[in-house]
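Close look at the chain arrangement
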Amino acid sequence: MYIFNEVSRNRKILDRIIGILLILISIAIAIFLIPSLIPLIKRTPYQILEPDAFIRHKLGVDWIMQSIGWICAYYTYRGGRDFLRDSKNPS
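Right, let's walk through the structure included here. (Residues numbered from 1 in each chain as written. Predicted model: local features only at pLDDT ≥ 70, side-chain atom pairs only at ≥ 80, totals over all residues. Heavy atoms only, no water.)

1. Comments concerning the overall build of the chain
- For the chain, the count of helices and strands is two helices and zero strands.
- For the chain, whose C-alpha radius of gyration is 21 Å, the value lies well above the compact-globule estimate of 12 Å for 91 residues.
- Evaluated residue by residue, the chain yields a buried proportion of 20% over its 91 residues.
- Across the chain, every contact between residues at least 6 apart in sequence was considered, and the portion connecting residues at least 24 apart equals 76%. (Helix = DSSP H or I, 4+ residues; strand = E, 2+ residues; numbered from the N terminus. Rg over C-alpha atoms; globule rule 2.2 N^0.38 Å. Buried < 20%, exposed > 50% of the residue type's maximum accessible area, 1.4 Å probe, protein only. Contact = heavy atoms within 4.5 Å.)

2. With respect to the side chain of Ser26
- As for its placement among the helices and strands, Ser26 is situated in helix 1 (residues 2-48).
- In terms of polar contacts, Ser26 uses its side chain to reach the backbone carbonyl oxygen of Ile23, at 2.7 Å. (Polar contact = N/O pair within 3.5 Å; in protein donor to acceptor, adjacent residues only side chain to side chain.)

3. Here we look at the packing of aromatic side chains
- Counted under the stated rule, the structure contains one aromatic pair.
- Summarising the aromatic geometry, the rings of Tyr74 and Tyr75 are spaced 5.2 Å apart at their centres and angled 70° between planes, so their arrangement reads as edge-to-face. (Phe/Tyr/Trp six-rings, centres within 6.5 Å; stacked < 30°, edge-to-face > 60°.)

4. A few points about a positive patch on the surface
- Together, Arg16, Arg78, Arg81, Arg85 and Lys88 make up a region of like positive charge exposed at the surface.
- Checked against the element boundaries, Arg78 lands in helix 2 (residues 53-88).
- By relative accessible area, Arg78 is classed as partly exposed at 31%. (Patch = residues over 30% accessible without salt bridge, like charges linked within 9 Å, V, L, I, M, F, W, Y side chains within 5 Å. Areas by Shrake-Rupley, 256 points an atom, 1.4 Å probe, with all protein chains shown as cover. Salt bridge = Lys/Arg side-chain N within 4 Å of Asp/Glu carboxyl O. Lys, Arg positive; Asp, Glu negative; His and termini not counted. Charge placed at Lys NZ, Arg CZ, Asp CG, Glu CD.)

Given below as structure tokens:
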């Protein structure tokens, strides 16, 4: 029984560490994405009306990459939150 309690306690510590790291990684991703999001929002109305197809294509790629980054940050945060929630549950 003692070995099971030791493993359970170590797993809770590991879950807590992984959860905190994942939440910090998601915050870092969001901080990295915010400075490029604000100018992207400001230039979108002007570049949508631009007759040059290359500029519109580049705008679309920028929005897709921004969306992928925010999705990664969201799921990383959710994973970290779930690890923290699992570390608080009794085993």
